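Residues per chain are reported as follows:
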Amino acid sequence: MPHPVPCPPRPLLLAVALLLAAGCAAPAADSADRASSGAPPRELSAAELRAAAVTEADLGPGFTVTVVVPGPGETGPDGGREAADKPACQPLLDAVAPAAAAARAGSAASAAPVPVVPYAETDLSVAQAADPAGSLYGGLLGYRGDRAARLQEELEGLFGPCAEFVSTAPPPPSEKGRGETRTRHRLSRHDTPTPEGADAATGFTLTNESGSVVLAQRAVLARVGPALVVFSTVGVGAEPAPAPDERVVRRQVAKLRAAQRG
């Protein structure tokens, strides 16, 4: 992680968000709708997933949206993989950089559990002119079959064992002489209603305490068929991270669900 305060363009919470949806998940809001339609939500191609990201036109005046597609081999801001001191918490860190996790999944030398990585991902940021502190960092992640649902089922117990854990990461390639970065993390859950159109949702905060200033990121994740949607905000030091804007989350869920039906 960058020192002393990690940079959030590729959000740390995007990681956790991939894997923690089941904890306080509410019942699916669109179960009846899916039953009446008779057609399950379809998997979107990478291009369709990107097209399903919210735009400024979707959100209205005062919002600025920037959409980014991670490039091949992107491994996050440090270019190295963090390792958790508790094996159960490793998926949280693998999800920080899905490309890095994918590389590890293909390594025969790795003894850690093989992560389930998305086949397509689109990252985006949503800035609000009237509330700069409420700017959102997020992502849409597409999975094959029931993998998104299985991630929820398999990792719903992480809030207990990963309430506190430590990670270490190698220095960036440009700073090879620097030692490993040791980071303390705290994970807590927030009760979160499931947006209309989503199958489940959860809210949580993850801290990054690698330097003298604590970085806290608060996220909401919603599962929409075979895809996951996550939005997070950032708080630094004594400044708490605000809850992600419900309007943005609802609009993104609705747009993604509409694309899956189409």
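Residues numbered from 1 in each chain as written. Predicted model: local features only at pLDDT ≥ 70, side-chain atom pairs only at ≥ 80, totals over all residues. Heavy atoms only, no water.

Draft legend 1. Structural context of helix H8 (residues 246–261). For H8, which comprises 16 residues, the first-to-last C-alpha distance of 23 Å matches the rise-based estimate of 22 Å (1.5 Å per residue) to within 8%. Taken together, the buried positions of H8 are occupied by Val248, Val249, Gln252, Val253, Lys255, Leu256, Arg257 and Gln260. (Helix = DSSP H or I, 4+ residues; strand = E, 2+ residues; numbered from the N terminus. Expected span 1.5 Å × (residues − 1). Buried < 20%, exposed > 50% of the residue type's maximum accessible area, 1.4 Å probe, protein only.)

Draft legend 2. Seen up close, the packing of aromatic side chains. Following the criterion strictly, the structure yields 1 aromatic pair and no others. The lysine or arginine in question, arginine 144, covers the ring of tyrosine 119, its NZ or CZ lying 3.7 Å from the ring centre. (Phe/Tyr/Trp six-rings, centres within 6.5 Å; stacked < 30°, edge-to-face > 60°. Lys NZ or Arg CZ within 6 Å of the ring centre and 35° of its normal.)

Draft legend 3. Focus on the sheet that holds strand S9 (residues 227–236). Pairing in this open sheet of 9 strands is antiparallel, and the strands run S1-S3-S4-S9-S8-S7-S6-S5-S2 from one edge to the other. What marks the edges here is a single partner per strand, and that holds for strand S1 (63–68) and strand S2 (83–84). Bridging between strand S5 (residues 164–169) and strand S6 (residues 181–190) involves 6 bridges; their strand directions are antiparallel. Bridging across to S6, alanine 169 finds its partner in threonine 181. (Pairing = 2+ DSSP bridges.)

Draft legend 4. Examining the state of the cysteines more closely. Taken as a whole and judged by the stated rule, the model has 1 disulfide. One disulfide in the model links cysteine 89 with cysteine 162; its S-S distance is 2.1 Å. As the torsion about the S-S bond is roughly -115°, the cysteine 89-cysteine 162 disulfide counts as left-handed. A residue pair is termed long-range when its members are at least 10 positions apart, and cysteine 89 in the loop between S2 and helix H5 (90–94) and cysteine 162 in the loop between helix H7 (147–155) and S5 qualify at 73 residues. (Disulfide = S-S within 2.5 Å.)

Draft legend 5. Representation of the nonpolar core. Ranked by internal contacts, the top residues of the largest apolar core, which has 24 residues, are Leu59, Leu124, Val126, Leu140, Phe231, Val248 and Leu256. Mapped by element, the contributors of at least two residues to this core are S1, strand S3 (120–128), strand S4 (136–142), strand S8 (215–224), S9 and H8. No other element matches the 4 residues that H8 contributes to this core. Not counting the four nearest positions on each side in its chain, leucine 59 is found in contact with Val54, Val65, Val126, Val248 and Arg251. Tyr143, Phe159, Leu187 and Leu228 belong to the second largest nonpolar core, which has 17 residues in total. (Core = buried A, V, L, I, M, F, W, Y, C linked by side-chain atoms within 4.5 Å. Contact = heavy atoms within 4.5 Å.)

Draft legend 6. Structural context of the pattern of salt bridges. Summed over the entire model, instances satisfying the criterion amount to 11 salt bridges. Residue glutamate 246 pairs with arginine 250 through a salt bridge whose shortest N-O separation is 3.5 Å. Of this pair, glutamate 246 and arginine 250 both sit in helix H8, 4 residues apart, which is roughly one turn of the helix. Taken together, the salt bridges that share partners define one network made up of Glu164, Arg184, Arg186 and Glu209. (Salt bridge = Lys/Arg side-chain N within 4 Å of Asp/Glu carboxyl O.)

Draft legend 7. Representation of the side chain of threonine 233 within the structure. Here threonine 233 is to be found in strand S9. With a relative accessible area of 0%, threonine 233 lands in the buried category. A polar side-chain atom of threonine 233 sits 2.4 Å from the main-chain carbonyl oxygen of proline 242. Those residues in contact with threonine 233, other than ones at most four positions away along the chain, are Gly134, Ser135, Leu136, Ala216, Gln217, Arg218, Ala241, Pro242, Ala243 and Pro244. (Polar contact = N/O pair within 3.5 Å; in protein donor to acceptor, adjacent residues only side chain to side chain.)

Draft legend 8. Main features of the environment of arginine 257. As for its position among the elements, arginine 257 is in helix H8. Here the alpha-carbon distance between arginine 257 and alanine 198, two residues 59 residues apart in the chain, equals 7.8 Å.

Draft legend 9. Representation of the pairing of S9. Most of S9 is tucked away: 9 of the 10 residues are buried. Relative to S9, S4 runs antiparallel, the two sharing 6 bridges. Across the sheet, glycine 142 pairs through a bridge with alanine 227, a residue of S9. Note: S8 against S9, 10 bridges, orientation antiparallel. Across the sheet, residue alanine 216 finds its bridge partner in S9, namely glycine 235.

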